[in-house]
Structure formats: structure tokens, C-alpha cells
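Observations on chain architecture
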Protein chains: 2
Amino acid sequence: MAKEQQFVKNIADINEDFPQWYTDVVIKTELVDYGPVKGTMVIRPYGYAIWETIQTELNKRFKALGVKNAYFPMLIPESYLKREAEHVEGFAPEVALVTHAGGEKLAENLVIRPTSETIICEMYSKWLQSYRDLPIIINQWANVMRWEKTTRPFLRTSEFLWQEGHTVHATEDEARAEALAMLDCYEKFMNEVLAIPVFTGIKTEKEKFAGAVETYGLEAMMLDGKSLQAGTSHYLGQNFAKAFDMQFLDKDNTHKYAYSTSWGVSTRMIGAVVMAHGDQRGLSLPPAVAPIQVIVIPVAQFKEGVMENAQKLTEKLVGMGVRAELDARDASPGWKFNEWEMKGCPVRIEIGPRDIEAGKCVVSRRDNFEKFDLPLNELEKIPELLSTIQKNMLEKSRKIRDGKVVSAKTLKGIFDGVEGRNFVKAPWCGCRECEEKIKNDTAASARVITKDNAEGEVCAVCGKKAKHIVLFARAY
Amino acid sequence: MAKEQQFVKNIADINEDFPQWYTDVVIKTELVDYGPVKGTMVIRPYGYAIWETIQTELNKRFKALGVKNAYFPMLIPESYLKREAEHVEGFAPEVALVTHAGGEKLAENLVIRPTSETIICEMYSKWLQSYRDLPIIINQWANVMRWEKTTRPFLRTSEFLWQEGHTVHATEDEARAEALAMLDCYEKFMNEVLAIPVFTGIKTEKEKFAGAVETYGLEAMMLDGKSLQAGTSHYLGQNFAKAFDMQFLDKDNTHKYAYSTSWGVSTRMIGAVVMAHGDQRGLSLPPAVAPIQVIVIPVAQFKEGVMENAQKLTEKLVGMGVRAELDARDASPGWKFNEWEMKGCPVRIEIGPRDIEAGKCVVSRRDNFEKFDLPLNELEKIPELLSTIQKNMLEKSRKIRDGKVVSAKTLKGIFDGVEGRNFVKAPWCGCRECEEKIKNDTAASARVITKDNAEGEVCAVCGKKAKHIVLFARAY
């Protein structure tokens, strides 16, 4: 019994120490481990399987939007980074440098990509000749490196995995539309696959991507009321086109600079799934992203016929397209229940001698702990159940989130709001000083500029006419 | 017309200058481009799509063998490389070093992985406690870096993409069986997907992986009679287990060092496909690996009904699971024929007003240039045709190859054989000196030790008793 309780016991209290709860959960469920070099992570098979379902789902959606995948080199000449003024300022402090290779000092230092706008635009400028070559809509799945001082598995690591899309267009309108289309793609993906509602909107100047004209962000509320930036989409204007001479001969026979965008999501999203859906028992994974959607656990597994029936049941589910697995290990059902609960498997099916006699199995939901008997000839209800769970998890997240968005009119109001683990909507004049004062005094940053009407409102800091209603939150 | 001939014209003669033919083909078909840093490559969408089908096919086969994917950090402490004596000797000269990061000099230099045995074994030694944890069978898809002096797209680049499997076992027998099982998996994959026959066998001491007890190689013959090592599988014995203290508590309650293997294939395989199947017109892709299996080309595309029928035809094929695409660009059919021929699309379907009237389309095969009418209500013959082409391409490659394997008994015989663009089987005494003399005098290296009987044979170099019949070839 002691062993069967170990999981819950070893996880810190979710209400009292959320950061430690997070670390305990991601390590103990074997999603991830610490790498030998400070700030690096090993994505273990259970965590990587989540990443693979994310990749499959996004690739499907990207393909429908005309995106093609490619791969660009990881090493970028240091000089490239310097061509776009804001870009170098943003990324230079956190790059890793290759100075020696093949036993010799390099003539020019190379940067391990922190992001690939520079090298990709360099290639595009070579490929791009005429308006006929546009648009270019390419994505890459890659590892990137940003040397961060404080790191946490998935949320902030020196190396992480992501996808980065880079597109080029003939007109500003088309490029802006592309950035918004990808934002929409991400939002739907997060809703439908990760079961996480997000706030989307434009970032402030202070918070935007280094080199962008405008950055759109997707902000997800974690269970501790903090925000996690789950993805971004940037309208880059002609900034990189000018820095990398990305010109094309237009229909009117004149050379023009193109307009570009970039957009990305990363392994951070795995952290978001953990912190949006977990509970004291561990992970709770939305079926669409769960590596194993249904775990089948034989009860009294060494009794005649049990394992065979459990196996048959599993195969039937697999045949229906369900990611089902049989846990045939030599361990007690109780131990397995606890383990799969901790690992967040959406549905557990138990089947023992008495169930077999009665022609049924016992189904348990991870999202709400409901438990019910299911006749063995009604297994086709399981895919339906997975859809129900998926929807329920999104609804539940939305309800929690919507109950934790408050409005404030003053700096103190913002502080009280975020201190109470809320997102706070507050009016803002638009100036950098007021935004920084909020950050300094409340530890909350401007997440996105909302579309709410700021008419008649005054800035929570300086009292001058408000330009926007901004969503403030403490953030990962 | 001039434009329609441009493709063939711009590709070097395959018989007179095979290396230039290769470069022309991979660049002009937009499989790849040169990256800004010497020795790096950009894998363009058409090339990357081949890589994605390779990944999908291998993942399917790996899964059936119980392999799970994961991801390990790219940066390895330099000291790790030094723990296994042969390993450091083999890889130290070609590593890229990160010496600075986050604006500071690092306390210990970091190596960009040239391969990941060291860091993965470090993690395994942490995870491995008891025999119950064995076997560990994990693969990763990753980029690796080896600083090479002479580089060529896909064949040898400083950065390349690959998969590397790393397994740990309780016994020597099990580890050896695993290394052989993966060799077999690769051979079947190369036959069935890449349509490339391979010679498999053990590598000589000189040619084996740095740190392995035994390396098994897969050698494919290119059209110029040179060999391309298409993949390797290593039995590592306890070499890395001892270097990284990879021990486990066995059933008999004693601690034992584990046995490990590693195995990998890379983006090199794309180069192999080019050089095994291409011809003067460009690429010829096996259907199993072709990004587009059937290209549909409308003739007189602006005439009423043509585009609609071409579209319908394409959709029907897609519905049958065929990777079919409609080329609706505003260009002449002849230009499109040439382009898709150069790009190696296995099947071309033309459909014009007269075809529509006659209720048919015109089908052309890339592998043998056969052309025939197909009634529009017999499209289900296309998937069959793709299988036929796939088999035919393997058969054709096998015939070419089998006609170019000769035997020799002397050093001169080996030289004449490889000079005539053959693989040469020759007897060898087993000593390093003779192997090196062959390399120096003929530019051919020992590819694999064959299973042929060496009884009664004498070494082609020294005349002493032969230990093995070895397959020699000039190699990429």
C-alpha cells in the first residue's frame, strides 16, 4: 500500500507550492529530465510522444494553409545577426558562439540559431526573383538555443524544439493577413488539441519580437493565474527584406522590397498542458494530445482468460483509431491505476474475471473521475467519450480562466489583481514609462493589447487619456 | 522551345562527369542549396519532403520493433567525449566547439554532438537501476555536426539530419541481436522504400565506428560504381557502459555493466536515391519516397472543362491514398513535362480536351518512359502501377549492381576492377597494413567483410593465408 501511495505523496502541494508541483510532475511522470549542461533538458519518450502528436496536428493544419517544410542550417554567421538593428539588440546577449571547429579557430564566429529570420531571409533573397516566386511559405521544425539565466524544463531552457514559419509576400496587406491567419491557426490548435483557451492580441512595443513591426501573442492562463505565452506571430514589414536585400521584380517591372512574417510555437506548449490541466494527482492530458488515450489494465491478470480478453479489447480500440495500450506489467492494478492517473491518461479501462463473465469492462475518466460499466459490445462509445473529454477539458479551462479575469483602474488595483492570481484588464496611456512602472511595482507585464474600448478611460498609472485596455499578468 | 530544353541542357553529362551531374541535379531540382557557412546545406521543400517520407516509413518500422523516440541535448561537455578512448580519437578532430554563451566564456567548452553515445549513456546510467529497466530502446531524430574538409550536399556536410538509436541490454547476446535486427530493418527499408539493394556485413577494424566492438554497414552501389555507406549499426559491447558507469542490479542481485548498441541513417540517403536511380534527365524517384507520386498536367488548360476534369482526376487519386498533385501553373505542358521529368516524379498524367471526349487520360512512367492511355474509370490501376514501378526500380538497380561486382586475386586486379567502376571481392589476410596498401594503391576501401568462404585463398596483397573475402570499392 505504501508504494501505491507514493506518487501523490511525492508531488508538492499544488496550492501551496505550484512551481515545485510543476517540477515534481514533469520529472516524476518522466516527461523530461535535466541534461548535463545547465539549462538543458532531455525530452523523455513520454514527453516526446506529446511533442510528436503536436507536430502531426500542426503539420496537418499547416499543410491546409499551403505551408511547406524545409530545413535551414543551425549555424549563422555572427555578422548576419547584426544586420537588423533591433534584432541583434534583442538576441545578441543570449546567443551561444561557436569559435572553433575542426581543430581550428574560425575566421568568423558562428551563432547557434536563437531564431532563423536572418539565415532564412538570406536564402530567400537568393531564391526570390520575380512576383511569380511569391508568396514563399516555408516552415521548419528545429532546435534553437537561447542562453537563459533562469531555466525550467519546457518553460525556459537554453535549447528547445520549435517550429518557425517564415513567409514572404508582395504586399503589406497579404503579409499582415498571413500573420493573422497563423495566429488564428494557433488559437484553434490550442483550443481543439491542447484544450487551452487563449487571449490573442497585439503586443506592446516593449514586449514585441526584436525586429518585428507587430507581434501577435497567444496568452494562456495557468492554474496559478500566471500567463504563459504559448506562441507568437510576427508581421515583420520590410525590416528583414531591407536588411537582407529581399527584392523582387513586380508586375509593373520595378524592383520592390518584399514583406515578411514569422511565427512559432515550441516545446513550451508541453509545459502549458501540464500547468493548465494538472491536479494534485499529476498530469491530466487532453485526449487529442495524449500519447496513450486509453490504458487497459487487467485485474487478476494471471487468471485464465483475463490477459487474452484485455488484449482483444485493446486491439479493438486500436482498430478504431484509438491510441490504446495494454499495461501487462507484473504489478498490482492499484499501482497501475495510480501511475496512469499521475501520467494523465484520459481513460482507464479495467477488466477482470467478473467483468468478463458479465460481458463488460469498467471505464474511468481522468478529467472528472467518473467511473462506469461499459458492455464489451459497446466499445465504439470510447472514441465518442474521448471527444467528450476533450470538449469538457476546454470548457473547464475556459470557466476557470473566465472567473479569474478582473478589471482595474489603478496601479494598486493591478497589483491586487495579479496578487490574487488573476489576469487584470487595465487602461493604459501607451507610454513605455507607465508600462515599466506597472512591471516594477506589480511584477505583471503587458500580455496583449485587448480590443476593448478605451474611450473615456484614463491610464492606471499616470491618469492621462488611455489609449488601450491592456491585459496584464505575471508571466512565465 | 529553347526554354523547354533548358533542363537537360544544364545538367552535366552523367557518363562523362558524374560528380558534376550530381551537383547539377540536386541544385536544379531544388532538393537542396548551399548554406552561407561553408559545408552547410539548406534542405529545400522538395528535398525535405523526401526526408519526411523517410521519417514516416522508418518510424513505422521502428515502432513495430519497440523503439520509442526521445530528444537529448545537442551540447555535450567536452570531457564526455574523452571518456571512451577510441571515441575521442575518432571524433575530436572534427567537432565544433561552443566556447562562449550568454556573453561569457564558458567554464568548460561544449561540443555540438557529432553523435550522441556519450550524452545518452550518461542519462541512461542515471535512469538504469535494475534488470527490470532493460532493455532501453530509444531513438532520436536530430541534427549533428562534423566539421569536414571536403563537403557535398547530402553526402558529406558539416551539419546533417539523422536518426540515432541507442539501446541498452542485460546480455551480450541480446545486444548483438538488436544490432543485427536494426541492420535488417535498414536493409528492408532500403529495398522496399528507396528501391536500393545493399551489401551488408561487418566492417574491418580500420573502418568501424570509433568506440564500437563491431560495426555492421549497409553499402549501396551508385551509378558510377562507387559505394555509399547508407547506414550503420554498432554493437558497442560494454565500452560505453564502462566509460559512463552504466550498471544495473541483475536478477542474481549483483551489479553488472550493461551492453549497448547504436544505429543510424541520415540525409545521406537522399543522395543515395539521386545517385542510384537518376539519369541524364535528372531525378527518378521511387514512388514510396516521392513527395509527389503522380503529377497531373492539363493540356490546353484554358479550354472549357479541362481544369475541372484534371482537378477531379487529382482528387480521385488523392482519395485513393496517392500523393497526387495538379500542376495548374500558367506554363506550357511541354515545359511542365520536362520539369517533372527532371524532378523525378514517378508518374505523369496528361489530360486534354480530346482525352476528356474519349473518356481517358495519358499515363507516362518515369522509370522506363512507357506511355499509355488509361480510361478515366480505371484510375484504381494507378496505385497498382506505383507498386509495379517501385518493384521495377529495385530490380533494375539490382541488375545493374550485380553486373558490376567482380572478383580479384591481386592488387592489380582490385585496381582494374574499381577503375572499371566495379565493386571488387578480394581475399585479405586480415592485417591493417595490407588493407592500407589497397587503399593507397587503388583508392578503394574495405566496405564490408563478406560471408564468402576464404578457404584456400591467399591475400591479394601479401600472399599469406586469407582470412576473409572483403568487398572493396571506392566510396563516397
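Computed from a predicted structure; not experimentally measured.

**Focus on the interface of chain A and chain B**
Taken together, the 39 residues of chain A in the interface contact 39 residues of chain B. For the side of chain A that touches chain B, the secondary structure elements donating two or more residues are strand 2 (41-43), helix 3 (45-64), strand 3 (68-69), strand 4 (75-77), strand 5 (96-101), helix 6 (117-127), strand 7 (136-145) and strand 8 (159-169) of chain A. Looking at which element gives the most residues to the side of chain A that touches chain B, the answer is strand 5 of chain A, with 6 residues. Here strand 5 of chain A runs beside strand 5 (residues 96-101) of chain B; their pairing, made up of 5 bridges, is antiparallel. Bridging across to strand 5 of chain B, L97(A) finds its partner in H100(B).

**A short note on the sheet that holds strand 16 (residues 324-326) of chain B**
Residue and element names in this part refer to chain B. An order of 16-15-17-18-19 is seen for the 5 strands of this open sheet, with the pairing classed as mixed. Strand pairing shows two members of the sheet lacking a second neighbour, strand 16 and strand 19 (371-375), which therefore form its edges. Sheet twist, expressed as the average angle between the axes of neighbouring strands with direction ignored, equals 25 degrees. Bridge count for strand 15 (residues 294-298) against strand 16 is 3 bridges, and the pairing is parallel. Note on strand 16: the bridge partner recorded for V294 is A324.

**Considerations on the sheet that holds strand 4 (residues 75-77) of chain B**
An order of 4(A)-6(A)-5(A)-5(B)-6(B)-4(B) is seen for the 6 strands of this open sheet, with the pairing classed as antiparallel. Edge positions in the sheet fall to strand 4 of chain A together with strand 4 of chain B, since each has one partner strand and no second. Averaged over all adjacent pairs, the angle separating strand axes in this sheet is 45 degrees, with direction ignored.

**Considerations on the relation of the copies chain A and chain B**
Superposition of chain A onto chain B requires a rotation of 180 degrees combined with a translation of 0.0 Å along the rotation axis, giving an RMSD of 0.0 Å. Such values leave the two copies arranged in the relation of a two-fold axis. Every residue of chain A has its C-alpha some distance from the rotation axis, and the shortest such distance is that of V98(A), at 2.2 Å. The fraction of interface residues of chain A whose copies in chain B are also interface residues reaches 100%, indicating that both copies meet through the same surface.

**Some details on the nonpolar core**
Counting 305 residues, the largest nonpolar core has A220(A), F472(A), A220(B) and F472(B) as the members making the most contacts within it. Look past the residues within four positions of A220(B) in its chain and what remains in contact with it is M190(B), I196(B), V198(B), S227(B), L228(B), A230(B), A272(B) and A276(B).

**Points about helix 2 (residues 18-28) of chain B**
Each full turn of the α-helix corresponds to 3.6 residues, which orients residues three or four apart in the same direction. Residue and element names in this part refer to chain B. When helix 2 is considered as a whole, its buried residues turn out to be W21, Y22, V25 and V26. When helix 2 is viewed along its axis, its buried side chains cluster within an angular range of 120 degrees and face the same direction. Elements that come into contact with the buried residues of helix 2 comprise strand 1 (32-34) and helix 9 (268-277). One or two steps after helix 2, the chain reaches E30, where phi turns positive at roughly 60 degrees.

**Focus on the domain arrangement of chain A**
All names here are of chain A. Domain boundaries assigned for chain A yield domain 1 (9-277), domain 2 (294-385) and domain 3 (407-473). On a C-alpha basis, the centroid separation for the pair domain 1 and domain 3 is 27 Å. At the junction of the two partners, domain 1 supplies 16 residues and domain 3 supplies 14 residues. Going through the elements one at a time, strand 9 (198-202) and strand 10 (214-221) are the ones with two or more residues in the side of domain 1 that touches domain 3. Classifying every residue of the side of domain 1 that touches domain 3 by side-chain character gives 3 nonpolar, 6 polar and 7 charged.

What counts, and at which threshold
Residues numbered from 1 in each chain as written. Chains lettered and ligands numbered in written order. Predicted model: local features only at pLDDT ≥ 70, side-chain atom pairs only at ≥ 80, totals over all residues. Contact = placed C-beta atoms within 7 Å. Helix = DSSP H or I, 4+ residues; strand = E, 2+ residues; numbered from the N terminus. Pairing = 2+ DSSP bridges. Axes fitted to C-alpha atoms, helices over the stretch in contact; angles between N-to-C directions. Least-squares fit on C-alpha atoms with pLDDT ≥ 70 in both. Core = buried A, V, L, I, M, F, W, Y, C linked by C-beta atoms within 7 Å. Buried ≥ 20, exposed ≤ 12 C-beta atoms within 10 Å, placed from the backbone. Arc of directions from axis to C-beta. Domains from an automatic or database assignment. Nonpolar A, V, L, I, M, F, W, Y, C, P; charged D, E, K, R; others polar.

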